[in-house]
Amino acid sequence: MPKFHLYARASMISVAMMSMACGGQAFAQSDQVAGAEADAIVVTGRRAALESAENRKKNAITIVDSVVADDAGKLPDNSITEVLQRVPGVTIVRFAAINDPDHYSVEGSGIQIRGLSGVASRLNGREIFSANAGRSLLWGDVTPELMQAVDVYKSSSADQIEGGTGGSVDLRTKLPFDFSEGLHFAGSGDLSFGDLATKTDYSVSGLVAGKWHTGIGDIGFVLDAAYSQLTSVSQFVRMEPMFRTRIQGNDYFIPGGYAYGQEDFQRKRDGLYGAVQWAPSNDLTFTGVFFQSRYRSTSDEFGSFVTSQNLAVDPSQSTFDDFGGLISSPAVFQRDNTTFLPSGAPVTTGGTTGSWNSRTKTQDISGSVKWNPGGGPLTVDAAYQHITSSSKMHRMNVFRTVDFPTSFGLDLSGKLPAISVDPAFVPSLLDPANYSWQAAMPHDEDNRGKLDSAQLDLTYATGDGFLKSIKAGGRWSKRTERDFNNGFAWAALGQEWNGYPIIPFSQSRPGDIQLYTFKNFFHGGVSLPASQYFPDADFARTVGVDEIHDIYGGTAGRPEGFVLPNDRTDYSTKTLAGYVMANFGTEWDQASITGNVGARVVNVKNASSGYFQQNTAQFVRNGVIYSLSDAAQVRSGGAEFTRVLPAVNVTYSPIEPVKIRAAYNITMDNQSFNSLRASGNLGVQTTGNGSPPDFANYTTTSGDPTLKPTMSNNFDLSAEWYPSAGTSLHVAAFYKRITDSVVFGSTQRVETVQFTDGTSEQATVTTNEARTADKAATVKGFEAGGRLFLDRLPGWFSGIGFEANYTFLDSKNPGDVYYDIDGVAHNDVPLQGLSKHNVNLAFLYEHNPFSLRVAYSWRSKYLQSTNANGTNQSYNFFTAPNQSTNIATNLPIYGADYGTLDAGITVRVNENLSVQLQGTNILNATQKTLMGGYPGGLYGRSWFQSDRRYRMGVNVTF
């Protein structure tokens, strides 16, 4: 089941599990005491998990929030990302990536802590990652059932592994010695249903654990396995950029087209976890851990689109805002820019059927030993870790065209857009003879990465004075990754201009096309031409690129699969770190002060090698057809850096329930492999709908292997109040100054362009390269939150509780530049991924046998990208017929305000069995994106909706 579980329900097991939830190495002693105090009132289920997480936060030596097993179990949280979205200061990305605003992710793909995407991923305090050219884990790929708890660190100490300008997330698993003696079993299962997907999915999980006292010492094991399946549908409508268009002497902003479509998605996620522990004596413990998470997904996508920079309207029949932005028009038509009159030509619409599948697997094998010789002042912790991770993806898109009438209707006045055509034209959409095959575009990735690391920590207890202990240690690691990527090899099918006849759908092989209807689109909220012919999904799923060109004309742009070594990029990072830290504390009367001070020194060596690839393409320039050749040249590079990372954490407690914390630390993020890549590519940007289209300019993208690590100076101050078990209140303020952050800025340079006829030219290209921002960014803000149970109310009313938190964030990032619709540069955007306002509200009810939670999560708009695909293009602004200026833009894209309501109820039948009913996205939320860079502010870019989901499940334990 995609949720956390607190498997124990009986009071004795509940106490043991609370102790386990607080049993991290750094806080073991203090948390055991806290667990004993909490046991004064025996609670079970979610209430026990909430109190365990509260104790974790209360007794931590840094600023940390925790979600303990079963904290999310009363809600249909399908992934780690959804679990974390309710933590104060944490927001999640509901797209394939923060800088990919065109692909929605139902479960979420990434997280930010206090607005920063620099979040380090950890498993039991050690580094873990996915092989996706990044530095962290793909959170949605991880099986949450295997986790005992998730800790969100907002300040750091010198003994923590470097990384995380925003913070770090530590996934903690169950360990055998956290259980009481004997065998323990638990299992769960559920069924779920999405109202758009209309398909039932299931999830199962099981755990067995044992611990015994034997003649050779204590021994124990844990074996945990889980499987879950999710089927979902996400639907979208997207507007092209609104180009400045002069009509009858006035300037208006007219969308360059639209796109709408549906993605049918299914993922299967399974996890396997095993751990063994042996303590031959009281001062020696050996631990071995195996962790594996696999994620497999398949997707089919159908989309219809219009893209043109020559669209216009009749102002007398249209409505606009005060700045000339189009609101609605009954007739958007193609304009002849040589006369400024309607061209009379039909509007050519494109369509695509996409099918892709992906597989990722991350496997972690680690061993550790903890030795406290003779129970004396010295403790030795040593560990070795080996991680392997792989990620594969195959995608095929097959495109078609069909001519609409000479215009289409567009209405952007409502909450959702509407697209229309003349009703008399609709029957022609049902005739396959009006459609033709256009192009095919395969794409493949195959990444493999590994990491080896060794760590040694020495702790020396100094006694009962102010100085409690000295801790020192070091860590060595080597991470490598080999990525294959063949780009997006778009190649035309039969188009006449490439020497192959156009083939209509009516001449297709049986089974190669299908009539597709966008059913229940946006739950019936969007009007559009719903039924059209597309390439068949099975055809796109199974066809090879050579086969489709043999059948429907044209020549593949490149061979199918990978061309080696051109498609290969290699990365490596070697890290050597050492630290020293002093822990201190003292008490007087009811007051106490505790903390730590230390520094970590880190040496990093980055290297990358790959090929700069020129992609094949055809275009028309000055009436001549040009064809770019397939060419590549090797590139490599790297750099070495040494950084000092001080850290100070102080906690003052005037009375036992109150904690006042202050922290200062410097954190760093080594740049992602994608930003450090030596490889890159050169392509061509085109305009118009010609075959081939008209030349606009050359473009390149690449990374930089010499990029510096991003550094953040962090100041934190918080106050926490714990008046009783289950009740707490906290406020926190923070400030971050970030230097050497990476942005993808648009610049120009000269490159050699090679053509298929053997000629070449020196051309000025627009390049979007990873570069270091030349100005510092800042983030400041505060958090406030709390939880209250009305325990003093009589009877059933005593189970009522409330939970709420609010985070305010403000940022400036003058090093990030975008170019508005007039090509003017600006640097006034906030940090990427940062919402100014973030709210979580929850109504709780915990009274045996019922557990209820109704939760609402909301965030305000946030920047997704200043260089997103589709809004980083050039267009020709015509001031008069045949008189134009080319303008290059990089419009910023924002995620709009977004909130979701989820609810869940659990009924505890007995100590061994509970039944759950849950609902997700109950209010049918619409995720909207916005595009900026206009005089009128922000305009709608895209709208997304996905399933409401309902889930029923059972938990058993014995």
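Residues numbered from 1 in each chain as written. Predicted model: local features only at pLDDT ≥ 70, side-chain atom pairs only at ≥ 80, totals over all residues. Heavy atoms only, no water.

A. Summary view of the overall build of the protein chain. Secondary structure assignment for the protein chain yields seven helices and 56 strands. Compactness check: the protein chain gives a C-alpha radius of gyration of 29 Å against a globular reference of 30 Å for 958 residues, within 12% of the reference. Oriented by its inertia axes, the alpha-carbon framework of the protein chain measures out at about 90 × 60 × 50 Å. Within the protein chain, the fraction of its 958 residues that count as buried is 59%. When contacts within the protein chain are restricted to residue pairs at least 6 apart in sequence, long-range pairs at least 24 apart make up 75% of them. Accessible surface, the protein chain: about 35,400 Å² in total, of which carbon and sulfur atoms supply 56%. (Helix = DSSP H or I, 4+ residues; strand = E, 2+ residues; numbered from the N terminus. Rg over C-alpha atoms; globule rule 2.2 N^0.38 Å. Buried < 20%, exposed > 50% of the residue type's maximum accessible area, 1.4 Å probe, protein only. Contact = heavy atoms within 4.5 Å. Areas by Shrake-Rupley, 256 points an atom, 1.4 Å probe, with all protein chains shown as cover.)

B. Just a nonpolar patch on the surface, in detail. Taken together, the side chains of Trp796, Phe850, Ile905, Val907, Val909, Val915, Leu917, Met952 and Val954 make up a nonpolar region of the molecular surface, amounting to roughly 740 Å² of accessible area. Top contributing element to the nonpolar patch by residue count: strand β52 (residues 898-910), with three residues. Tracing the backbone shows Val909 in strand β52. When its relative accessible area of 48% is taken as the criterion, Val909 is described as partly exposed. (Patch = residues over 30% accessible without salt bridge, like charges linked within 9 Å, V, L, I, M, F, W, Y side chains within 5 Å. Salt bridge = Lys/Arg side-chain N within 4 Å of Asp/Glu carboxyl O.)

C. Region of the structure containing the packing of aromatic side chains. In this structure the tally under the stated criterion is 45 aromatic pairs. Plain terms: the ring middles of Trp796 and Phe850 are 6.0 Å apart, the flat faces sit at 45 degrees to each other, and that makes the pair tilted. Here Trp796 is found in the loop between β42 (777-789) and β43 (800-812), whereas its partner Phe850 is found in strand β47 (residues 850-859), with 54 residues between them in sequence. Three or more aromatic residues joined by ring pairs make a cluster, and in this case those are Tyr258, Tyr260, Phe302, Phe408, Tyr516, Phe518, Phe521, Phe522 and Phe534. Seen from the ring of Phe673, Arg135 lies directly overhead, with NZ or CZ sitting 4.2 Å from the centre. (Phe/Tyr/Trp six-rings, centres within 6.5 Å; stacked < 30°, edge-to-face > 60°. Lys NZ or Arg CZ within 6 Å of the ring centre and 35° of its normal.)

D. Fine view of a positive patch on the surface. On the surface, Lys450, Lys478, Lys574 and Lys605 cluster together into a positively charged patch. Summarising the element assignment, Lys605 is placed in strand β31 (residues 591-614). (Lys, Arg positive; Asp, Glu negative; His and termini not counted. Charge placed at Lys NZ, Arg CZ, Asp CG, Glu CD.)

E. The arrangement of the pairing of strand β9 (residues 167-173) in detail. A large share of β9 lies buried, amounting to seven of its seven residues. Of the two faces of β9, both are covered, the one formed by Gly167, Val169, Leu171 and Thr173 as well as the one formed by Ser168, Asp170 and Arg172. As paired strands, strand β6 (residues 119-123) and β9 are joined by five bridges and run parallel to one another. Note that in β9 the partner of Leu123 across the bridge is Leu171. Where strand β8 (residues 147-153) and β9 come together, six bridges link them in antiparallel fashion. Pairing of Val152 across the sheet is with Val169, part of β9. (Pairing = 2+ DSSP bridges.)

F. Up close: helix α6 (residues 545-552). Burial in α6 covers these residues: Val545, Ile548, His549 and Tyr552. For α6, the arc enclosing every buried residue in end-on projection is 100 degrees, short of the 170-degree limit, so these residues lie on one face. The inward-facing, buried residues of α6 abut β22 (378-403), β25 (435-461), β27 (491-492) and α5 (537-542). Immediately beyond the C-terminal end of α6, within one or two residues, lies Gly553, with a positive phi of roughly 90 degrees. (Arc of directions from axis to C-beta.)

G. Expanded view of the sheet that holds strand β1 (residues 64-68). Taken in spatial order, the five strands make up an open sheet running β1-β8-β9-β6-β7, and their pairing is mixed. Sheet topology places β1 and β7 (126-127) at the edges, where each strand pairs with a single neighbour.

H. A look at the pairing of strand β14 (residues 250-255). Note: strand β13 (residues 242-247) against β14, six bridges, orientation antiparallel. Across the sheet, Phe243 pairs through a bridge with Ile254, a residue of β14. From the end of β13 to the start of β14, which pair antiparallel, there are two residues, and Gln248 there has a positive phi angle of about 50 degrees.

I. Layout of the confidence of the model for the protein chain. Of the residues in the protein chain, 94% reach a pLDDT of 70 or more, and the chain-wide mean stands at 89. For the protein chain, the element scoring lowest by mean pLDDT is helix α1 (residues 11-21), at 30; strand β18 (residues 319-320) scores highest, at 98. Note on residues 1-42: pLDDT is under 50 here. Beyond four places in sequence and across chains, it has 117 contacts. Within the model, pLDDT remains below 50 along residues 71-76, and this stretch shows 35 contacts once partners closer than five positions in the same chain are excluded. (pLDDT = per-residue confidence, 0-100.)

J. Fine view of the pattern of salt bridges. Using the criterion set out here, one finds 43 salt bridges in the structure. In this structure, Arg509 engages Glu547 in a salt bridge whose closest nitrogen and oxygen atoms are separated by 3.7 Å. On the criterion of sequence distance, the pair formed by Arg509 in the loop between β27 and β28 (513-517) and Glu547 in helix α6 is long-range, its members being 38 residues apart.

K. How the structure looks around the nonpolar core. In this structure, Val237 and Phe408 are the most contacted members of the largest nonpolar core, which totals 63 residues. Setting aside residues no more than four positions away along its own chain, Val237 makes contact with Ala259, Tyr260, Pro417, Ile419, Phe521, Phe522, Val526, Arg941, Ser942 and Trp943. (Core = buried A, V, L, I, M, F, W, Y, C linked by side-chain atoms within 4.5 Å.)

L. Here's a closer look at the environment of Phe958. Secondary-structure assignment places Phe958 in the segment after β56 (949-957). Spatially, the C-alpha atoms of Phe958 and Asn282 are 29 Å apart, while their sequence positions differ by 676 residues. If near-sequence neighbours (up to four positions away) are discounted, Phe958 is found in contact with His184, Phe185 and Asn912.

M. Geometry of the side chain of Arg244. Looking at the element boundaries, Arg244 is found in strand β13. When its relative accessible area of 15% is taken as the criterion, Arg244 is described as buried. Polar contacts involving the side chain of Arg244 include one to the side chain of Asp251, which spans 3.3 Å. A polar contact of 2.7 Å, which involves the side chain of Arg244, links it to the side chain of Asp822. Not counting residues within four places of it along the chain, the set of residues in contact with Arg244 comprises Asp251, Tyr252, Phe253, Ile821, Asp822, Tyr875, Phe877 and Pro935. (Polar contact = N/O pair within 3.5 Å; in protein donor to acceptor, adjacent residues only side chain to side chain.)

N. A look at the side chain of Ser675. Here Ser675 shows up in helix α7 (residues 673-676). For Ser675, a relative accessible area of 6% puts it in the buried group. Residues in contact with Ser675, not counting those within four places in the same chain, are Gly703, Asp704, Leu707, Val742, Phe744 and Ala770.

O. Up close: the environment of Leu50. Summarising the element assignment, Leu50 is placed in helix α3 (residues 45-59). For the pair formed by Leu50 and Ala69, sequence separation is 19 residues and the distance between their alpha carbons is 9.0 Å.

P. Spatial organisation of unusual backbone geometry. Residues Leu564 and Pro565 are joined by a peptide bond in cis, for which omega reads 5 degrees. As for its position among the elements, Pro565 is in the loop between α6 and β30 (568-588). Between Asn848 and Pro849 the backbone carries a cis peptide bond, its omega angle lying at 15 degrees. Notably, Ala133 is not glycine yet its phi reads approximately 65 degrees, a positive angle. You will see that Asp740, though not glycine, has its phi angle at about 60 degrees, which is positive. Mapping Asp740 onto the fold places it in the loop between β39 (727-739) and β40 (742-754). In this structure Asp740 comes out as buried when scored by relative accessible area, which is 18%.

Q. Representation of the environment of Gly823 in the model. With respect to the helices and strands, the residue Gly823 is situated in the loop between β44 (818-819) and β45 (825-826). Counting along the chain gives 52 residues from Gly823 to Tyr875, while the straight-line C-alpha distance between them is 9.9 Å. For Gly823, the residues in contact, after removing those within four places along its chain, are Ile887 and Ala888.

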